[in-house]
Amino acid sequence: MSKKIKKGDNVIVITGKDKGKTGEVFIIDRKNLKVKVRGINIVKKHRKPSQDQPGGIEQIETFINISNISLIDPNDNKASRVRYKLDGKKKIRVASRSGKEI
């Protein structure tokens, strides 16, 4: 499943505190099967002040397990699985729900 999701994909959260929210994948950790999605799983981080940056409370995205997200079907914006279709010698990612290319 981890190889079917790529950087830049639009995904939807299917379970957890952010269920139903959508965002774009911008970091993938394939070793631990985790991803970071813009606007999803936001936590507050308390930073101490340093010489070059003031302190304060930042809101940052943290990793979410790859099993808790699903790709969005480009046809109807709902969760869909991914399958591959061979086009000559190329493998093309296709949404299982509608059959459209991702």
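Higher on the page you've got the structure.
(A) Fine view of the pattern of salt bridges. Applying the stated criterion across every chain, the model contains four salt bridges. In this structure, the salt-bridge partner of Arg93 is Asp9, at a minimum N-O distance of 2.9 Å. Of the two residues, Arg93 is situated in strand E10 (residues 90–95) and Asp9 in the segment before strand E1 (10–13); the sequence distance between them amounts to 84 residues. Each member of the pair, Arg93 as well as Asp9, is classed as buried. A salt bridge links Lys21 to Asp18; the nearest nitrogen and oxygen atoms lie 3.3 Å apart.

(B) Representation of the side chain of Arg93 within the structure. Judged by relative accessible area, Arg93 falls into the buried class, the value being 10%. Only 2.6 Å separates the side chain of Arg93 from the backbone oxygen of Lys4, close enough to count as a polar contact. A distance of 2.9 Å separates a polar atom in the side chain of Arg93 from a polar atom in the side chain of Asp9. Here Arg93 is in contact with Lys4, Ile5, Lys6, Asp9, Leu71, Val82, Arg83, Tyr84, Lys100, Glu101 and Ile102, once residues within four sequence places are set aside.

Cut-offs used in this document
- Residues numbered from 1 in each chain as written.
- Predicted model: local features only at pLDDT ≥ 70, side-chain atom pairs only at ≥ 80, totals over all residues.
- Heavy atoms only, no water.
- Salt bridge = Lys/Arg side-chain N within 4 Å of Asp/Glu carboxyl O.
- Helix = DSSP H or I, 4+ residues; strand = E, 2+ residues; numbered from the N terminus.
- Buried < 20%, exposed > 50% of the residue type's maximum accessible area, 1.4 Å probe, protein only.
- Polar contact = N/O pair within 3.5 Å; in protein donor to acceptor, adjacent residues only side chain to side chain.
- Contact = heavy atoms within 4.5 Å.

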